[in-house]
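# Results of the structural survey
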Amino acid sequence: MSDATGTTLPPDWDDDERMNFMFSDFKENRDVNTTDWDSKMDFWTTAILKSCRDRRTVCVSLQELNGIFRRKEKSPLGLSTVLQSMIRCGKIQRESEFAVDCGWVSWAVGLLLVKPLKWTFSSLVGSRRLSMEESFVVIELVKEKAAELLQAYKSSEFACRSLLSFHELRVLSSKVCADESTLCMALLQLQREKQVMVSLHEGEKIVKFRQRLSITPVNDVDIGVYQLQISEKLLEEQVNKLGLESDRCREEARALLRQGKKSQALKSLRGCKRLEKRADNLLASLETIRGILERIAQSQTDKTVMQAYQAGVSALRLSLKDVTVERAENLVDQIQELCDTQDEVNQTLSSGVSSADVDLDDLEEELKALLDESKPDLPEVPKNPVRPYVGPGLSVDELSSLLPAVPHCPVNVTTEQLEDELSHLTLTDSGVGVKKASSPAKRLEPLQ
């Protein structure tokens, strides 16, 4: 449900009982009935914000609200109390105070806003009674409009330009701001947020948008760029207009020629040539202006680069303040010395632990002596050959192989001696033995 102003009314607007309560005045003391007081305050606060959004405005007055929320020839009695509460909570602010806080005075008083800002007697003496005509700015809504206006600029064809005339901005914001007053409030908020700067040049308002990290006031360079941009636009319009007139004259010459009016056709053709020549001259001037604008833009870029270089040089100078060539050479020498020391330590550790006082030959001699001492005492090995043991069960051939070789030298032995020696021999279980005799037997000896 909506009224004639386009405001969407609350859903319970037709409920007489509830609306009678909402249209009644507030109690003087909130503590009498806190619930009813807060319920009525929330209802009207929400309704006021909704009404402003529907009408695409950021300012309200008590007189406007009484007309918007009029029901059955009656207006709400507590709207003055609602506005005063919103002022205390910071939700709304007097238009005059808001403009001064945002630097509106620099725009020249009375030149920007459609409605003059009035300091009422009640605002000066601090009376609780509000003037019916006094305008208030809804802070939440003006911030929303400021954000929408900034987004509209960034998405438009003017985004590459930092300076816009107020007329250009008014056309650009036609879908965002319902009127010029709303546009001015949005600009004031953007100026408070340091997104724009508004200046007056020859009675015309110029809006400068922030292009870099910070916004600067409009200076002579900005004014020169703005004038060049205006001239560029005017020249483009004139060149286009001359082009259209030239085409018209050419078509007219063709039509006259078809009608057989040769002299008049020549006249129209001469006019066409004059227009084309003027258009060419203006086009040359237009190209010159565009070249100047490009050079100015390049100079701004060069200035930015130079500032960056300057900052880099200053930072580098500070960072190298205590650094000299002598100190650097000294540090390099110290580092080399420490590296040499570390190499020596690593070499020593990798070579193992050894005693330089003990000779290697002495250690080998001592080791040999220790080995000799560790050998057991054994009898001396006989030098004569050891005869093999003759065991039982040997055959005659095996026994013969064990006997020593027969000497080849002649033996001078008598028969008696041999018989006597043979008588001493006896055969035992272990082999051939020698019988014991009472007197030692004489050995046979070879003849000499």
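On a predicted model such as this, the values are computed, not experimentally measured, just so you know. (Residues numbered from 1 in each chain as written. Predicted model: local features only at pLDDT ≥ 70, side-chain atom pairs only at ≥ 80, totals over all residues. Heavy atoms only, no water.)

## Details of the packing of aromatic side chains
Evaluation of the coordinates by the stated rule reveals seven aromatic pairs. Their ring planes at 50° and their centres at 6.5 Å tell us that Trp13 and Phe69 sit as a pair that is tilted. Here Phe69 lies in the loop between helix H3 (62-68) and helix H4 (79-88) and Trp13 lies in the segment before helix H1 (16-23), a separation of 56 residues in the sequence. The same class applies to Trp13 as to Phe69, namely buried. Taken together, Trp13, Phe23, Phe43, Trp44 and Phe69 form an aromatic cluster joined through their ring pairs. Above the face of the Phe21 ring, Lys40 is positioned so that its terminal group lies 4.6 Å from the ring centre. Just above the ring of Phe166 sits the side chain of Lys205; from NZ or CZ to the centre is 4.9 Å. (Phe/Tyr/Trp six-rings, centres within 6.5 Å; stacked < 30°, edge-to-face > 60°. Helix = DSSP H or I, 4+ residues; strand = E, 2+ residues; numbered from the N terminus. Buried < 20%, exposed > 50% of the residue type's maximum accessible area, 1.4 Å probe, protein only. Lys NZ or Arg CZ within 6 Å of the ring centre and 35° of its normal.)

## Section: the pairing of strand S3 (residues 135-138)
Going residue by residue along S3, you find Ser135 and Val137 tucked away on one face and Phe136 and Val138 tucked away on the opposite face as well. With three bridges connecting them, strand S1 (residues 59-61) and S3 associate as antiparallel partners. Paired with Val60 across the two strands is Phe136, which belongs to S3. (Pairing = 2+ DSSP bridges.)

## Concerning the nonpolar core
Trp44, Ile48, Phe69, Leu83 and Met185 are the most contacted members of the largest nonpolar core, which totals 37 residues. The greatest single-element share of this core, amounting to eight residues, is contributed by helix H2 (residues 34-54). In this view, Ile48 contacts Val60, Leu65, Phe69, Val82, Leu83 and Met86; residues no more than four positions away in its chain are not counted. The next biggest cluster of nonpolar side chains, apart from the first, holds 21 residues, and it includes Leu164, Leu169, Cys177 and Ala186. (Core = buried A, V, L, I, M, F, W, Y, C linked by side-chain atoms within 4.5 Å. Contact = heavy atoms within 4.5 Å.)

## A closer look at the layout of surface pockets
The volume enclosed by the largest pocket comes to roughly 1,100 Å³. As for the largest pocket, its lining consists of 34 residues, and the residues nearest its centre are Ser162, Gln211, Asp222, Val225 and Gln300. At 10 residues, the largest contribution of residues to the lining of the largest pocket is made by helix H11 (residues 262-319). (1 Å grid on protein atoms, 1.4 Å probe; cavity = no way out; pocket = protein on both sides within 12 Å on 5 of 7 lines; lining within 4 Å. Points joined across faces, edges and corners; volume = space filled by probe spheres on them.)

## A few points about the sheet that holds strand S6 (residues 204-209)
What the three strands build is an open sheet, ordered S4-S6-S5; its pairing is antiparallel. The outermost strands of the open sheet, each flanked by one partner alone, are strand S4 (163-165) and strand S5 (196-201). Across the sheet, the axes of successive neighbouring strands diverge by a mean angle of 30°, strand direction being ignored. In terms of strand pairing, S4 meets S6 through three bridges, oriented antiparallel. (Axes fitted to C-alpha atoms, helices over the stretch in contact; angles between N-to-C directions.)

## What about the environment of Val225?
Mapping Val225 onto the fold places it in helix H10 (residues 220-258). In this structure, the C-alpha to C-alpha distance between Val225 and Arg161, residues 64 residues apart in sequence, is 9.6 Å.

## Remarks on the sheet that holds S3
Taken in spatial order, the three strands make up an open sheet running S1-S3-S2, and their pairing is antiparallel. This sheet does not close on itself; its edge strands, each paired only once, are S1 and strand S2 (92-94). With strand direction ignored, the average angle separating the axes of adjacent strands in the sheet is 40°. Each of S2 and S3 is contacted by helix H7 (residues 139-154), which is oriented at about 60° to S3, the strand it contacts most.

## Concerning the confidence of the model for the chain
With 71% of its residues at a pLDDT of 70 or more, the chain shows a mean pLDDT of 77. The element-level mean pLDDT for the chain is lowest in helix H6 (residues 121-125), coming to 40, with H7 highest at 93. pLDDT under 50 marks residues 105-127. Its contacts with residues more than four places away, or in other chains, come to 45 contacts. Low pLDDT, under 50, characterises residues 434-448; the predicted model gives this stretch 19 contacts beyond four residues in sequence or across chains. (pLDDT = per-residue confidence, 0-100.)

## A closer look at the environment of Glu157
By the element assignment, Glu157 lies in the loop between H7 and S4. Note: C-alpha distance between Glu157 and Leu172 (15 residues apart in sequence) is 9.7 Å.

## Regarding helix H9 (residues 180-192)
Here H9 contains 13 residues, and its C-alpha end-to-end distance of 18 Å stays within 8% of the 18 Å for a straight helix at 1.5 Å per residue. Of all 13 residues in H9, 11 are buried; the element is thus mostly enclosed. Along H9, the residues classified as buried are Ser181, Thr182, Leu183, Cys184, Met185, Ala186, Leu187, Leu188, Gln189, Leu190 and Gln191. Lys194 sits one or two positions beyond H9 and adopts a positive phi of about 60°. (Expected span 1.5 Å × (residues − 1).)

## Quick look at the packing of H10 against H11
As a packed pair, H10 and H11 sit with axes 8 Å apart at the nearest point and diverge in direction by 160°. When the axes of H10 and H11 are compared, the pair comes out roughly antiparallel. In this structure, H10 crosses over H11, and the sense of that crossing is left-handed. In the contact of H10 with H11, the residues fall into 22 nonpolar, eight polar and nine charged. (Parallel < 35°, antiparallel > 145°, perpendicular 65-115°, else oblique. Left-handed = near helix turned anticlockwise from the far one by under 90°. Nonpolar A, V, L, I, M, F, W, Y, C, P; charged D, E, K, R; others polar.)

## Focus: the pattern of salt bridges
In total, this model carries 19 salt bridges according to the counting rule given. Among the ionic pairs, Arg53 bridges to Glu140, the shortest N-O distance being 2.9 Å. Taken as a pair, Arg53 in helix H2 and Glu140 in helix H7 lie far apart in primary sequence, 87 residues in all. For Glu140, a relative accessible area of 40% translates into the label partly exposed. Glu73 is the partner of Arg70 in a salt bridge, and the nearest nitrogen-oxygen pair spans 3.8 Å. Given a relative accessible area of 64%, Glu73 falls into the exposed group. A cluster of three or more residues bridged by salt bridges with shared partners is formed by Glu232, Glu236, Glu287 and Arg290. (Salt bridge = Lys/Arg side-chain N within 4 Å of Asp/Glu carboxyl O.)

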